[in-house]
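# Descriptive structure summary
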Amino acid sequence: MEKLTEFDMAEYLDTEELQKGYLDYNAQEGTPEDLLRAIHVVAKARGMSKTAKDAGITRDGLYKALFP
């Protein structure tokens, strides 16, 4: 039996344009939970440490904000 790998959307959002489009789509078509999940995916795609630094918060603070 073949082993399946887990799909990670963050691996495919490698440009700012794709990240913006993913957030826009989820903001318009999804639920608030979908948007929060999309923000997490984009933060992961950009790098959690870099995203936290750009936002002016700690990496731990970013995780707490994204997973209340």
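Below: a short report on this structure. (Residues numbered from 1 in each chain as written. Predicted model: local features only at pLDDT ≥ 70, side-chain atom pairs only at ≥ 80, totals over all residues. Heavy atoms only, no water.)

## Details of the overall build of the protein
Quick reminder of the rule: Each helix is a run of H or I in the DSSP string that is no shorter than four residues. Each strand is a run of E no shorter than two, and both are numbered from the N terminus. In this scheme, a residue with accessible area under 20% of its type's maximum is buried, one over 50% is exposed, and one in between is partly exposed, where area comes from a 1.4 Å probe on protein chains only. We call two residues in contact whenever any of their non-hydrogen atoms come within 4.5 Å of each other. Note on areas: Shrake-Rupley, 1.4 Å probe, and residue coverage restricted to the protein chains presented here. Think of it this way: Lys and Arg go in the positive column, Asp and Glu in the negative one, and His and the chain ends go nowhere. The atom standing in for a charge is NZ when the residue is Lys, CZ when it is Arg, CG when it is Asp and CD when it is Glu.
Along the protein, the regular secondary structure elements total four helices and zero strands. Tracing the protein from N to C terminus, the helices and strands come up as α-α-α-α. Oriented by its inertia axes, the alpha-carbon framework of the protein measures out at about 45 × 30 × 25 Å. Considering the protein as a whole, with its 68 residues, one finds that 24% of them fall into the buried category. A separation of at least 24 residues holds for 37% of the contacts in the protein among residues at least 6 apart in sequence. As displayed, the protein offers around 5,600 Å² of accessible surface, 55% of which is attributable to carbon and sulfur atoms. With 9 positive and 13 negative side-chain charges, the protein shows a separation of 8 Å between the mean positions of the two kinds.

## Observations concerning the packing of aromatic side chains
As a reminder, the rule being used: A pair of aromatic rings is counted whenever rings of Phe, Tyr or Trp (Trp by its six-membered ring) have centres within 6.5 Å, and the orientation is called stacked for planes under 30 degrees apart, edge-to-face for over 60 and tilted otherwise.
Inspection of every chain in the model, using the stated rule, returns one aromatic pair. Taking 5.4 Å as the distance between ring centres and 15 degrees as the angle between the ring planes, the aromatic pair formed by F7 and Y12 counts as stacked.

## Thoughts on the pattern of salt bridges
Cut-off, in case you're wondering: Every case where a carboxyl oxygen of Asp or Glu lies within 4 Å of a side-chain nitrogen of Lys or Arg is listed as a salt bridge.
As enumerated under the stated definition, the model contains five salt bridges in all. Put simply, D24 and K20 hold a salt bridge, and the shortest N to O gap is 2.8 Å. With D24 and K20 both in helix α1 (residues 16-29), this residue pair falls four residues apart, about one helical turn. A relative accessible area of 32% means that D24 is categorised as partly exposed. The shortest N-O distance in the salt bridge between K50 and D54 comes to 2.8 Å. Note that K50 and D54 are positioned in helix α3 (residues 48-55) at a spacing of four residues, about one turn of the helix. For D54, a relative accessible area of 54% translates into the label exposed.

Function-wise, these values are silent; they only describe arrangement.
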